[in-house]
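Remarks on the overall topology
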Amino acid sequence: MPVLHAPHLPHVPQVPRVRRCAGLLLLAAALYAAPAPPAYGAAADDPGWTAEPAAGQAVPRTGDRPSTARPFFTRPFFYMAGTAGTVLEDRLALANTTDQEHTVTLRGADAYNTADGAFAVRPAAGSTGAGAWISFGAGTTVRIPPHTRAVVPFTVTVPPSSPPGDHPAAVVATEAGREVGVRVHLRVGGPALAALTVEDVAVRGRGAAAVVAYTLVNRGNVALAPDLSLRAEGRFGEVPGLGARALPVELLPGQRVELTEPWPGAPVLDQVRVTVTVTAPGGARAEGSASAWFLPWRAAGWTGLGLLALGAAPAALFLVRSRRTRREPPGGERPGETPGRPDPTPAPEHELTGASR
């Protein structure tokens, strides 16, 4: 499959000198009044070229009779669908926006969710799914002349034993360590199952910093765009939760993500049971719950000191009584004295002298 180069050759029309002068004056005034545009070419992370789907649509090919595709203007991603054993075709557009030639390397890659739900692609040697089904007939290395747009055809060969559902992938273009990926939404025909579970629900933090942590697992074979709602019930009645809202994540099949949800309505003093409910198009619905105690730390500290003081008072009284009991036996007798008999210990000398008188 050849690489098609479409150089951009701008045409400058001829205009009278008076009109050109007036136009230059207006342009200078506009530039003086408007803020300076960002210097895209000077950005450190700008590779100097772009990658995006070319105008058109995936073409399923059966045997030697390809079907026609109806082109349209722009596409943010590649959307491809077919049954197992089908070969799909599409085209990638690479545009060089600089004055230098660029050499770009292309590859297919499996897509997955990171732990926090972001979209990511596997490394070059780590793709075993739909990324390995992508091939470039003209080769994986493309040279793009300055100010030129190159269109690169590629195919996706779906194995005959592929299970139905979504198989997320991406076309990745690389040059000098910089990568630009274009997502490939590939669906293999057959029964579609939308299913998920909510796991490991927990409440963390207190007050305005309280959050509800949970894990979402896609148990089906299609990508899900989930909605979340939060319900809370306490010992003293219902606690404000969260209404249904769309989560900023696309949960891919077989993936699990760990998310947190801010909970500004968390109580100050209560025992609460929190229920997280997640729904998604296609009939997917799941719930997960957890219990948590909410106590104000200052009040809890004073309450603990008060309970400690109340518990320490009887213990102190017991110790005083025990000491008195050891010092004075019952009945008022001194140690070594027999009850009912005089003390055999002789009296001091001055006391005896006083008695003889």
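I will try to describe carefully the structure that is included in this document. Bear in mind the structure is a predicted one, so any value in this text is a computation, not a measurement. (Residues numbered from 1 in each chain as written. Predicted model: local features only at pLDDT ≥ 70, side-chain atom pairs only at ≥ 80, totals over all residues. Heavy atoms only, no water.)

What about the sheet that holds strand β21 (residues 284-294)?
- In spatial order, the strands read β18-β17-β20-β21; together these four strands make up an open sheet with antiparallel pairing. With partners counted over all chains shown, the strands left at the sheet margins are β18 (237-246) and β21, one partner each. Direction aside, neighbouring strands of the sheet carry axes that sit 15° apart on average.
- Direction of pairing for strand β17 (residues 227-234) relative to β18: antiparallel, over a ladder of six bridges. Within β18, the position partnered with Leu 228 by the bridge is Arg 245. (Pairing = 2+ DSSP bridges. Helix = DSSP H or I, 4+ residues; strand = E, 2+ residues; numbered from the N terminus. Axes fitted to C-alpha atoms, helices over the stretch in contact; angles between N-to-C directions.)

Details of the pairing of strand β11 (residues 148-157)
- Within β11, eight of the ten residues are buried, leaving the element largely enclosed by the surrounding structure.
- Pairing geometry for strand β6 (residues 87-96) and β11, over nine bridges, is antiparallel. Bridge pairing in β11 places Ala 95 opposite Arg 149.
- Here strand β9 (residues 134-135) runs beside β11; their pairing, made up of two bridges, is antiparallel. Pairing of Ser 135 across the sheet is with Thr 155, part of β11. (Buried < 20%, exposed > 50% of the residue type's maximum accessible area, 1.4 Å probe, protein only.)

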